[in-house]
Amino acid sequence: METTLRYLLLLAAAVLISFTSRPAAAADAVKGKIAFEKNGCWQCHGYEGQGGAAGKTLAPKPMAYEAFNVFVRNSNTQMPPYPKQILSDADLADIHAYLSSIPAPKDYKTIPLLNQ
Ligand code: HEC
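Keep in mind the model is a prediction, meaning the values are calculated, not measured. (Residues numbered from 1 in each chain as written. Predicted model: local features only at pLDDT ≥ 70, side-chain atom pairs only at ≥ 80, totals over all residues. Heavy atoms only, no water.)

**Student:** What should I look at first to understand the pattern of salt bridges in this one?
**Tutor:** When their charged atoms lie close together, side chains carrying opposite charge are able to pair. Going through the model one piece at a time under the given rule, you end up with three salt bridges. Here K33 and E37 are joined by a salt bridge, their closest N and O atoms 3.3 Å apart. Separated by four residues within a single helix, K33 and E37 lie in helix α2 (residues 29–38), roughly one turn from each other. With a shortest N-O distance of 3.3 Å, K84 and D89 are connected by a salt bridge. Judged by relative accessible area, which is 27%, D89 ranks as partly exposed. A network of salt bridges, in which partner residues are shared, links R73, K84 and D89. (Salt bridge = Lys/Arg side-chain N within 4 Å of Asp/Glu carboxyl O. Helix = DSSP H or I, 4+ residues; strand = E, 2+ residues; numbered from the N terminus. Buried < 20%, exposed > 50% of the residue type's maximum accessible area, 1.4 Å probe, protein only.)

This is the structure in structure tokens:
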């Protein structure tokens, strides 16, 4: 009986931890695209996160969410930092999901017209 109880408690803790420590798991790429535009990320990084004169390339394959979050919150370079009061963790996780959803461009070798 006691073992079962302990097992259940452990299970409950594991479920709680998996919900609280991984905001990216519930992130939504469609909402992320909206947040990316609303918060002005596109102004420096381009609408597809492709980068440009003012900001680095963010997609395809953005950095891992943890590092992404730390950078955006604490940037002290040309990029302004975005504290939680301005951009929530949920919105930032959605932005990361949006950037992760952007497909890599095709290899030019697979495009016949470019290989004649
Ligand atoms: C005013 C222009 C500007 C805006 C607006 C901006 N960024 Fe940036 N961002 C930059 C620049 C410039 C860098 C490169 C900084 C460096 O490496 O020193 C950067 C770097 C980054 C990096 C690190 C990329 C890497 O590979 O090192 C991430 C992640 C990032 N930006 C995300 C965002 C997000 C998300 C938003 C919107 C919430 C945003 N940025 C808005 C200019 C901007």
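Right, picking up where we left off after that structure.
**Student:** Sorry, what's going on with the site of the ligand here?
**Tutor:** Taken together, 18 residues form the shell around the ligand, and within it C41, C44, H45, A54 and M79 come nearest. Here an oxygen atom of the ligand sits 3.2 Å away from a polar atom, N or O, in the side chain of K56. Within the residue set of the shell around the ligand, elements represented by two or more residues are α3 (41–45) and α4 (65–74). For the shell around the ligand, the residue count by class is 13 nonpolar, four polar and one charged. (Near = heavy atom within 4 Å. Polar contact = N/O pair within 3.5 Å; in protein donor to acceptor, adjacent residues only side chain to side chain. Nonpolar A, V, L, I, M, F, W, Y, C, P; charged D, E, K, R; others polar.)

**Student:** Even after reading the chapter, I still don't get the coordination of the iron atom of the ligand, so can you show me in this structure?
**Tutor:** Ideal geometry at a metal centre gives angles of 109.5 degrees when four donors are arranged tetrahedrally and 90 or 180 degrees when six donors are arranged octahedrally. Looking at the iron atom of the ligand, the protein donor atoms are H45 (NE2) and M79 (SD), and they sit 2.0 to 2.1 Å from it. For the iron atom of the ligand, the six donor atoms in the first shell make angles of 87 to 179° at the metal, so the coordination geometry reads as octahedral. With H45 in helix α3 and M79 in the loop between α4 and α5 (89–101), the pair connects residues that are 34 residues apart, well separated along the chain. (Donors = N, O, S within 2.8 Å, 3.2 Å for Na, K, Ca; no water. Tetrahedral: all angles 85-135°; square planar, octahedral: opposite > 155°, others 65-115°.)

**Student:** How should I be thinking about the packing of aromatic side chains in this particular structure?
**Tutor:** The geometry of an aromatic ring pair is captured by two quantities: the separation of the ring centres and the angle between the planes. One pass over the full model with this rule turns up two aromatic pairs. An angle of 10° between the planes, with centres 4.8 Å apart, marks the rings of W42 and Y47 as stacked. A relative accessible area of 40% means that Y47 is categorised as partly exposed. (Phe/Tyr/Trp six-rings, centres within 6.5 Å; stacked < 30°, edge-to-face > 60°.)

Without other data, these values stay purely geometric and don't point to any function.
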